[in-house]
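Descriptive structure summary
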Amino acid sequence: GAVVSQHPSWVICKSGTSVKIECRSLDFQATTMFWYRQFPKQSLMLMATSNEGSKATYEQGVEKDKFLINHASLTLSTLTVTSAHPEDSSFYICSARDPTALGVNEQFFGPGTRLTVL
Amino acid sequence: RKEVEQDPGPFNVPEGATVAFNCTYSNSASQSFFWYRQDCRKEPKLLMSVYSSGNEDGRFTAQLNRASQYISLLIRDSKLSDSATYLCVVRAGGFKTIFGAGTRLFVKA
């Protein structure tokens, strides 16, 4: 299947700093990417949908000024957690949609980024 | 009510057992259905898509009941390596994907 990478795989930062997470589709062009957050023993929660060249669509309750998403190219989307606080500590996972993929499922997940805010 | 509901478990079964997971969804307009597997601290990985006619992949059988808005996953001859969290996943129109909270499975020797 298609490959999606995330960087970094884990990050520890001090409260108040900003953290940028990158999501790349390695062997396909992703017109749409998705950002999820998962707290321990909970489900993946969709934060926002990122479309190349346009503004991201945020889910209800997700602050767009806190979670900045940039989808500058067909292979890269970035999520910046601004002024991070301990409650932002979570597992952040991106997925990318391959519009050329055959079959019903054309969504591929990155390996995730574990963010810990001290 | 959650959009996708699953029994969180955990299910503790011996090797070789047959185990079944259920999932219900609330949006009758949902179009695509999947089971994903997630290992601890890893990203979810697609296990299988779920089709209306039911489908089987080796030891795994998935079924969909649109009238009852219910999805199931059956695992036969459980292996130790099947221990994981199984996520029921539903997609309505567009590409918005809703995940269930997952059912934890522990297979014991």
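See the structure shown above.
Residues numbered from 1 in each chain as written. Chains lettered and ligands numbered in written order. Predicted model: local features only at pLDDT ≥ 70, side-chain atom pairs only at ≥ 80, totals over all residues. Heavy atoms only, no water.

Some thoughts on the packing of aromatic side chains
All told, the structure shown has 11 aromatic pairs over all chains when counted by the stated rule. Note on Phe109(A) and Tyr36(B): the rings are 5.5 Å apart at their centroids and 80° apart in plane angle, and the pair reads as edge-to-face. Residue Phe109(A) is located in strand S10 (residues 107–109), and its partner Tyr36(B) is located in strand S4 (residues 32–38); the two belong to separate chains. For the pair shown, Phe109(A) and Tyr36(B) are each scored as buried. With a centroid separation of 5.3 Å and 35° between ring planes, the pair formed by Phe21(B) and Tyr86(B) is classed as tilted. Here the residue Phe21(B) occupies a position in strand S3 (residues 19–25), and Tyr86(B) occupies one in strand S9 (residues 84–91), the gap between them amounting to 65 residues. Of the two residues, Phe21(B) and Tyr86(B), both sit in the buried class. Clustering of aromatic rings is evident, with ring pairs tying together Tyr36(A), Phe109(A), Phe34(B), Tyr36(B) and Phe99(B). The cationic tip of Lys66(A) hangs over the ring face of Phe67(A); the distance from NZ or CZ to the ring centre is 5.9 Å. (Phe/Tyr/Trp six-rings, centres within 6.5 Å; stacked < 30°, edge-to-face > 60°. Helix = DSSP H or I, 4+ residues; strand = E, 2+ residues; numbered from the N terminus. Buried < 20%, exposed > 50% of the residue type's maximum accessible area, 1.4 Å probe, protein only. Lys NZ or Arg CZ within 6 Å of the ring centre and 35° of its normal.)

With respect to unusual backbone geometry
In the segment running from His7(A) into Pro8(A), the intervening peptide bond is cis, with an omega of 0°. Here Gly9(B) and Pro10(B) are connected by a cis peptide whose omega angle stands at 10°. Here Pro10(B) shows up in the loop between strand S1 (4–6) and strand S2 (11–14). Residue Arg41(B) is not a glycine yet carries a positive backbone phi of 65°. Looking at the element boundaries, Arg41(B) is found in the loop between S4 and strand S5 (45–50). A positive phi angle is found at Gln69(B), which is not glycine, with a value near 55°.

Notes on the interface of chain B and chain A
Across the contact, 20 residues belong to chain B and 20 residues belong to chain A. For the pair chain B and chain A, the summed buried area comes to about 1600 Å², and 55% of that belongs to carbon and sulfur atoms. Looking only at chain B, the three residues that lose the most surface to chain A are Glu43(B), Phe95(B) and Phe99(B), adding up to 32% of its buried area. Across the chain B-chain A interface, the total number found is 5 residue pairs in polar contact (both at pLDDT 80 or more). If you list the elements that add at least two residues to the side of chain B that touches chain A, you get S4, S5, S9 and strand S10 (97–99) of chain B. Grouping the constituent residues of the side of chain B that touches chain A by class yields 9 nonpolar, 5 polar and 6 charged. (Contact = heavy atoms within 4.5 Å. Buried area = accessible area lost by both parts, 1.4 Å probe. Polar contact = N/O pair within 3.5 Å; in protein donor to acceptor, adjacent residues only side chain to side chain. Nonpolar A, V, L, I, M, F, W, Y, C, P; charged D, E, K, R; others polar.)

Focus on the pairing of strand S4 (residues 32–38) of chain A
All names here are of chain A. Most of S4 sits inside the fold, with 7 of its 7 residues counted as buried. Relative to strand S5 (residues 44–51), S4 runs antiparallel, the two being bridged by 7 bridges. Note that in S5 the partner of Met33 across the bridge is Ser50. The hairpin formed by S4 and S5 contains 5 residues between the paired strands, and Lys41 there has a positive phi angle of roughly 60°. Taken together, the 7 bridges between S4 and strand S9 (residues 90–97) define a ladder with antiparallel strand orientation. The residue bridging Met33 from the neighbouring strand is Ala96, located in S9. (Pairing = 2+ DSSP bridges.)

Focus: the sheet that holds strand S1 (residues 4–7) of chain A
All names here are of chain A. Spatially, 4 strands are ordered S1-S3-S8-S7 in an open sheet, and the strand pairing comes out antiparallel. The open sheet is flanked by S1 and strand S7 (67–73), the only strands paired with a single partner. With strand direction ignored, the average angle separating the axes of adjacent strands in the sheet is 15°. Sheet topology note: the S1/strand S3 (residues 19–25) ladder contains 4 bridges and is antiparallel. Bridge pairing in S3 places Ser5 opposite Arg24. (Axes fitted to C-alpha atoms, helices over the stretch in contact; angles between N-to-C directions.)

Here we look at the state of the cysteines
This model, assessed by the stated rule, comprises 2 disulfides over all chains. The disulfide partner of Cys23(A) is Cys94(A), and the gap between their sulfur atoms is 2.0 Å. Negative torsions about the S-S bond denote left-handed disulfides, and the value of about 75° found for Cys23(A) with Cys94(A) makes this one right-handed. Residue Cys23(A) is located in strand S3, and its partner Cys94(A) is located in strand S9; the two are separated by 71 residues in the primary sequence. Pair check on accessibility: Cys23(A) and Cys94(A) agree, each one buried. Cys13(A) takes part in no disulfide bond, and the closest cysteine sulfur, belonging to Cys94(A), lies 18 Å away. For Cys13(A), a relative accessible area of 10% gives the class buried. The structure places no disulfide on Cys40(B), whose sulfur is separated from the nearest cysteine sulfur, that of Cys94(A), by 19 Å. (Disulfide = S-S within 2.5 Å.)

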